[in-house]
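# Observations on the three-dimensional arrangement
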There are 2 protein chains.
Amino acid sequence: MDSSKVADKRHMRSIMTRQKLLQAAKEVFIEEGFQKATITQIIKKANVGYGTAYVHFGGKDEILIVLMEDVMEQFYQIAEMPFFPTSKEEAQQIIKKQAYSFLKMAEAERSMMQVFEQAIGVSPVVSAKWKEIREKFIQRISQDIAYSQKKGLAKTQLNPELVARGWFFTNEMYLWEIVRNEHKASVEDIAQTITAVYTTGLYL
Amino acid sequence: MDSSKVADKRHMRSIMTRQKLLQAAKEVFIEEGFQKATITQIIKKANVGYGTAYVHFGGKDEILIVLMEDVMEQFYQIAEMPFFPTSKEEAQQIIKKQAYSFLKMAEAERSMMQVFEQAIGVSPVVSAKWKEIREKFIQRISQDIAYSQKKGLAKTQLNPELVARGWFFTNEMYLWEIVRNEHKASVEDIAQTITAVYTTGLYL
């Protein structure tokens, strides 16, 4: 075998080890909760060597952040839905779909989101990561608002970023209620209600 | 001295001891943060006997909850502003004043609110207390919305509690931003913007 093939094989093995560690971590975090989970449990479950494991991740916070990014990638896809409304009604429709998908995703990813919530509470690194994720959402919403204002669809006297933060906060807190299974209304009703207030308040 | 006077005196002394403990706790919590603060530091600072101290409070969580209730009393007074608007404009005015006072209070009580935030993150008792406080706010907002709907001022197709939660979430998250000194706009601008979106969205 020539040396480039050896390198390829090594690279493949490395990717698989990483995947095994991430899958094991997911299971251990969900079973034990973030605080009780240990890196040793994860390594054992993944059935990889200690030295090899530490090549990939420095600790459980680091693994969790990678898992968080994976889930958040799905959330970002919602935030990044094309947003070029030509009327108030069209804007309302897109925003309602975004809010609904955002909250539905929380429901679908409930177990991991519960782990994230615990981790955000106890790990400064994870908490900083969550803050970064939130800002990304808020910036995207701000852009959508500015676009609507430019197109003459939304009130221009409102500061896009201040509006965006307020709107994101409503969505975020409902998201955690859904993650904790504390919501009393359906996700559909929640999305419908908050979108109605927000879009009527913002659009002309 | 007759026995009732002795009892009065004892009662007075008890009230003063309690006050001394609360004041000392406030100082220790602000200096040390909730997690690092110990009941021993508080007792020493208050200069009261250990046995006496434990008659009043079972631990630092318990003291913090009393301090929290004191601050929240001030917040409740805002939520309990008389709310009998006869027009959309009047409703908007009252709500803007409420949002502004609510956020201003966070600014005025910043040090203690920072302690509360830490405590909410680590103490399940304190976290349960915060949840209770939030529900009280949300219920009060729901009532105000239902009142406006009954008077024909607000859209009746919206569920008051779902709207109230969404609105409270926006206020709450801005409150924590202000407490952490992370807000980039003025409290006035924040209150103005979020109220404009909310009241235009809800009122007819």
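- Looking at an unreviewed UniProt entry, one finds chain A named TetR family transcriptional regulator, with Parageobacillus galactosidasius as its source organism.

## Things to note about the UniProt feature "DNA-binding region" (unreviewed entry) in chain A
- When the UniProt feature table is mapped onto this chain numbering, "DNA-binding region" (unreviewed entry) sits at residues 38-57 of chain A.
- Overall, residues 38-57 of chain A shows 75% helix and 0% strand. The separation of its end C-alpha atoms is 13 Å.

## Quick look at the nonpolar core
- Counting residues in hydrophobic clusters, the biggest one holds 148 residues, and the most contacted among them are Phe29(A) and Phe29(B).
- Those residues in contact with Phe29(B) that lie beyond four places of it in its chain are Phe34(B), Ala37(B), Ile42(B), Lys60(B), Ile63(B), Leu64(B), Leu67(B) and Val115(B).

## Side note on the interface of chain B and chain A
- Chain B puts 29 residues into the contact, and the matching count from chain A is 29 residues.
- For the pair chain B and chain A, the two sides together bury roughly 2300 Å², of which 64% comes from carbon and sulfur.
- For chain B, the biggest contributors to the area lost against chain A are Leu162(B), Met173(B) and Val197(B); these three give 25% of the whole.
- Glu177(A) is the salt-bridge partner of Arg165(B), the closest N and O atoms lying 2.9 Å from each other.
- Our count for the contact surface shared by chain B and chain A stands at eleven residue pairs in polar contact (both at pLDDT 80 or more).
- Mapped by element, the contributors of at least two residues to the side of chain B that touches chain A are α7 (124-150), α8 (160-179) and α9 (187-202) of chain B.
- In terms of residue count, α8(B) provides more of the side of chain B that touches chain A than any other element does, eleven residues in total.
- Taken together, the residues that form the side of chain B that touches chain A break down as twelve nonpolar, six polar and eleven charged.

## Things to note about the packing of aromatic side chains
Residues and elements named next belong to chain B.
- The tally for this structure, following the rule as stated, stands at 20 aromatic pairs over all chains.
- Plain terms: the ring middles of Phe84 and Tyr147 are 5.6 Å apart, the flat faces sit at 75° to each other, and that makes the pair edge-to-face. Of this pair, Phe84 sits in the loop between α4 (60-79) and α5 (88-108) while Tyr147 sits in helix α7, and the two are 63 residues apart along the sequence.
- The exposed category is assigned to Phe84, whose relative accessible area is 57%.
- Measuring from centroid to centroid gives 6.2 Å for Phe102 and Phe168, while their planes differ by 70°, and the two rings are edge-to-face. Taken together, the residues Phe102 in helix α5 and Phe168 in helix α8 connect sequence positions 66 residues apart. Residue Phe102 shares its accessibility class with Phe168, and that shared class is buried.
- Between the NZ or CZ atom of Lys60 and the centre of the ring of Phe34, over which it lies, the distance is 4.6 Å.

## Here's the deal with the domain arrangement of chain A
Residues and elements named next belong to chain A.
- Along its sequence, chain A is organised into domain 1 (3-58) and domain 2 (61-202).
- Just the C-alpha atoms count here: the centres of domain 1 and domain 2 sit 31 Å apart.
- Facing 14 residues of domain 1, the contacting portion of domain 2 comprises 13 residues.
- Taken together, both faces of the contact between domain 1 and domain 2 bury some 1200 Å²; the carbon and sulfur share is 82%.

## Quick look at the pattern of salt bridges
- Scanning the model with the defined rule gives 30 salt bridges over all chains in all.
- With a closest N to O distance of 2.8 Å, Arg165(A) and Glu161(A) form a salt bridge. Taken as a pair, Arg165(A) and Glu161(A) lie in helix α8 (residues 160-179) at a separation of four residues, close to a single helical turn.
- For Glu161(A), a relative accessible area of 25% corresponds to the partly exposed category.
- Note that Glu188(B) and Lys96(B) form a salt bridge whose closest N and O atoms lie 3.2 Å from each other. You can see Glu188(B) sitting in helix α9 and its partner Lys96(B) sitting in helix α5, a full 92 residues away along the chain.
- Judged by relative accessible area, Lys96(B) falls into the partly exposed class, the value being 25%.
- A cluster of three or more residues bridged by salt bridges with shared partners is formed by Glu135(A), Glu161(A), Arg165(A), Glu177(B) and Lys184(B).

## Here's the deal with the packing of α7(B) against α8(B)
Residue and element names in this part refer to chain B.
- Two numbers describe how α7 lies on α8: the axes approach to 8 Å, and their chain directions differ by 130°. The orientation of α7 with respect to α8, classified from their angle, is oblique. Relative to α8, α7 is oriented so that their crossing is right-handed. Mapping the contact onto sequence places Trp130, Arg134, Glu135, Phe137, Ile138, Gln139, Ile141, Ser142, Ile145, Ala146 and Gln149 in α7 and Pro160, Glu161, Val163, Ala164, Arg165, Trp167, Phe168, Phe169, Glu172 and Trp176 in α8.
- Class assignment of the residues belonging to the contact of α7 with α8 gives a composition of 13 nonpolar, three polar and five charged.

## Things to note about the relation of the copies chain B and chain A
- Between chain B and chain A, the superposition needs a rotation of 180° and an axial shift of 0.0 Å, giving an RMSD of 0.0 Å. Such values leave the two copies arranged in the relation of a two-fold axis. Closest to the rotation axis within chain B is the C-alpha of Gly201(B), separated from it by 1.9 Å.
- By residue overlap, the copies meet face to face through one surface: 100% of the interface positions of chain B are interface positions in chain A.

Conventions and cut-offs
- Residues numbered from 1 in each chain as written.
- Chains lettered and ligands numbered in written order.
- Predicted model: local features only at pLDDT ≥ 70, side-chain atom pairs only at ≥ 80, totals over all residues.
- Heavy atoms only, no water.
- UniProt positions renumbered as here; feature names shortened; annotations may be inferred.
- Helix = DSSP H or I, 4+ residues; strand = E, 2+ residues; numbered from the N terminus.
- Core = buried A, V, L, I, M, F, W, Y, C linked by side-chain atoms within 4.5 Å.
- Buried < 20%, exposed > 50% of the residue type's maximum accessible area, 1.4 Å probe, protein only.
- Contact = heavy atoms within 4.5 Å.
- Buried area = accessible area lost by both parts, 1.4 Å probe.
- Salt bridge = Lys/Arg side-chain N within 4 Å of Asp/Glu carboxyl O.
- Polar contact = N/O pair within 3.5 Å; in protein donor to acceptor, adjacent residues only side chain to side chain.
- Nonpolar A, V, L, I, M, F, W, Y, C, P; charged D, E, K, R; others polar.
- Phe/Tyr/Trp six-rings, centres within 6.5 Å; stacked < 30°, edge-to-face > 60°.
- Lys NZ or Arg CZ within 6 Å of the ring centre and 35° of its normal.
- Domains from an automatic or database assignment.
- Axes fitted to C-alpha atoms, helices over the stretch in contact; angles between N-to-C directions.
- Parallel < 35°, antiparallel > 145°, perpendicular 65-115°, else oblique.
- Left-handed = near helix turned anticlockwise from the far one by under 90°.
- Least-squares fit on C-alpha atoms with pLDDT ≥ 70 in both.

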